[in-house]
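# Structure at a glance
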Amino acid sequence: MLRTACIVAFYGFLRCGEFTVSKASQFDPHINLCIEDVVFHTDLVVLKLKQSKTDPFRKGINIQLHKLGQLICPYTILLEYIQIRKELSPTNQTDPLFITIDKKPLERQYFITCIKKVLDICGFNSSHYNGHSFRIGAATSAGKAKIEDHLIKTLGRWTSDSYTRYIRVTPASIKTAQSSNNKLEATLFNNKLEATLFNNKLEAILCNNKLEASLCNNKLEATLFNNKLEAALFNNKLEATLFYNKLEAILCNKKLETYLCNNKLEATLFNNKLETLFNKKLEAILCNNKLEASLCNNKLVNNKLEVTVCTFNNKLEASLCNNKLEASFM
């Protein structure tokens, strides 16, 4: 499909919007290109465009694609494409002429994306090409083949000069122009092929040089990697040593703190024992003092008692003495 679309677009000087749709859902058989718009004759195929930029009244434009009998021939390729379409699945006359793998109408963006991928694979800068490149390329190739200006304008359906619409171009002239265009394209293709081969050889040489440089860089990177690895291992060992030293210091500090804590605890217990002994001794002293005071009080009581008894005895003796005196006087 893609090959057929490209060849038909080139030889028919087609605008991208004339054989694609903006969105698959917007396909309209009354406007867009269908299978019924392709009519084969003995030596040519007629492609009918229902509408075009230069056909505002939609009268329709017939584009002739002749049988060139060369490697690249729009007639042969379009015929093969239609036959393959019919063999793969039943087709209706109103079906889109160009469809994708999933049988949807060919979208403009999908077509451009596929073309750019093919160009990238072939080694071309795809950014220089777009959907309008086939029309531009066909005009450029025709100019290089020294085809007359009015014929180029007729092939491309340009109306920039009003006289072109009055020129009648016979099918034989169109066939000759397309044949000349094809020869030029073959020459350009061979030149591009030789240039591509030369570029491939040059790229192979550059690739080998890059490969050697890459190997050298890989060796250098491997050496640097080993040096970095050794440095990393050394740093890891150093960090491990520092870590163990810190760990031992922490353990030593913990032991020291534990030892000091135990000493403080022992000192506290010792102080508590001293205080307990001191309190006991103090209590014993107080008890002794109380006992001595009690004994002292007892002694005082005894002394007072003795004094009282002595006084009583003295009084008693004095009384007895007085009684004796009184008895003697009597």
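Treat the numbers as computed from the prediction; the structure is a model and nothing was measured. (Residues numbered from 1 in each chain as written. Predicted model: local features only at pLDDT ≥ 70, side-chain atom pairs only at ≥ 80, totals over all residues. Heavy atoms only, no water.)

Further remarks concern the packing of aromatic side chains. Tallying each qualifying case throughout the model produces seven aromatic pairs. Aromatic side chains Phe 10 and Tyr 11 sit 5.2 Å apart centroid to centroid with 85 degrees between the ring planes, which places their arrangement in the edge-to-face category. The class for Phe 10 is buried, based on a relative accessible area of 13%. Residue Tyr 11 is classed as buried on the basis of its relative accessible area, which comes to 5%. Seen in terms of ring centroids, Phe 111 and Phe 134 are 5.8 Å apart; in terms of plane orientation they differ by 40 degrees. Their pairing is tilted. (Phe/Tyr/Trp six-rings, centres within 6.5 Å; stacked < 30°, edge-to-face > 60°. Buried < 20%, exposed > 50% of the residue type's maximum accessible area, 1.4 Å probe, protein only.)

Within soluble globular proteins, side chains that are nonpolar generally end up buried alongside one another. Leu 14, Phe 19, Leu 47, Leu 97, Phe 98 and Phe 111 are the most contacted members of the largest nonpolar core, which has 43 residues in total. Looking at which element gives the most residues to this core, the answer is helix 1 (residues 2-11), with seven residues. Among all residues touching Leu 97, those that are not within four sequence positions of it are Leu 33, Cys 34, Ile 35, Val 38, Leu 47, Tyr 81, Ile 82 and Arg 85. (Core = buried A, V, L, I, M, F, W, Y, C linked by side-chain atoms within 4.5 Å. Helix = DSSP H or I, 4+ residues; strand = E, 2+ residues; numbered from the N terminus. Contact = heavy atoms within 4.5 Å.)

Where helix 1 meets helix 3 (residues 74-88), the axes come as close as 10 Å, and the angle between the chain directions of the two elements is 145 degrees. Of the two elements, helix 1 crosses helix 3, and the hand of that crossing is left-handed. Taken together, the residues of helix 3 that come into contact with helix 1 (itself represented by Arg 3, Thr 4, Ile 7, Val 8 and Tyr 11) are Pro 74, Ile 77, Leu 78, Glu 80 and Tyr 81. (Axes fitted to C-alpha atoms, helices over the stretch in contact; angles between N-to-C directions. Left-handed = near helix turned anticlockwise from the far one by under 90°.)

Right, let's talk about helix 1 for a bit. Within helix 1, eight of the ten residues are buried, leaving the element largely enclosed by the surrounding structure. Every buried residue of helix 1 is listed here: Thr 4, Ala 5, Cys 6, Ile 7, Val 8, Ala 9, Phe 10 and Tyr 11. Remark: Phe 13 follows helix 1 within two positions and exhibits a positive phi of approximately 55 degrees.

Let's shift gears to the pattern of salt bridges. This structure, assessed with the given rule, holds four salt bridges. Residue Glu 80 is joined to Arg 3 by a salt bridge in which the shortest nitrogen-to-oxygen separation is 3.7 Å. Residue Glu 80 is found in helix 3, and its partner Arg 3 is found in helix 1; the two are separated by 77 residues along the sequence. Looking at Glu 80, the relative accessible area reads 38%, which means it is partly exposed. Arg 3 sits in the exposed class, given a relative accessible area of 51%. With a closest N to O distance of 2.4 Å, Asp 37 and Lys 50 form a salt bridge. Residue Asp 37 is located in the loop between helix 2 (16-19) and strand 1 (38-40), and its partner Lys 50 is located in the loop between strand 2 (44-49) and strand 3 (61-66); the two are separated by 13 residues in the primary sequence. Neither residue differs from the other here; Asp 37 and Lys 50 are each classed as buried. A single salt-bridge network, built from bridges that share partners, covers Arg 15, Glu 18 and Arg 157. (Salt bridge = Lys/Arg side-chain N within 4 Å of Asp/Glu carboxyl O.)

Packing of helix 1 against helix 4 (residues 108-121) brings their axes to within 11 Å, and their N-to-C directions diverge by 95 degrees. As summarised for this structure, helix 1 and helix 4 are arranged roughly perpendicular, according to the angle between their axes. Note on element contacts: helix 4 touches helix 1 through Phe 111, Cys 114, Ile 115 and Val 118, opposite Leu 2, Ala 5 and Cys 6. Partitioned by chemical class, the residues of the contact of helix 1 with helix 4 number seven nonpolar, no polar and no charged. (Parallel < 35°, antiparallel > 145°, perpendicular 65-115°, else oblique. Nonpolar A, V, L, I, M, F, W, Y, C, P; charged D, E, K, R; others polar.)

Without other data, these values stay purely geometric and don't point to any function.
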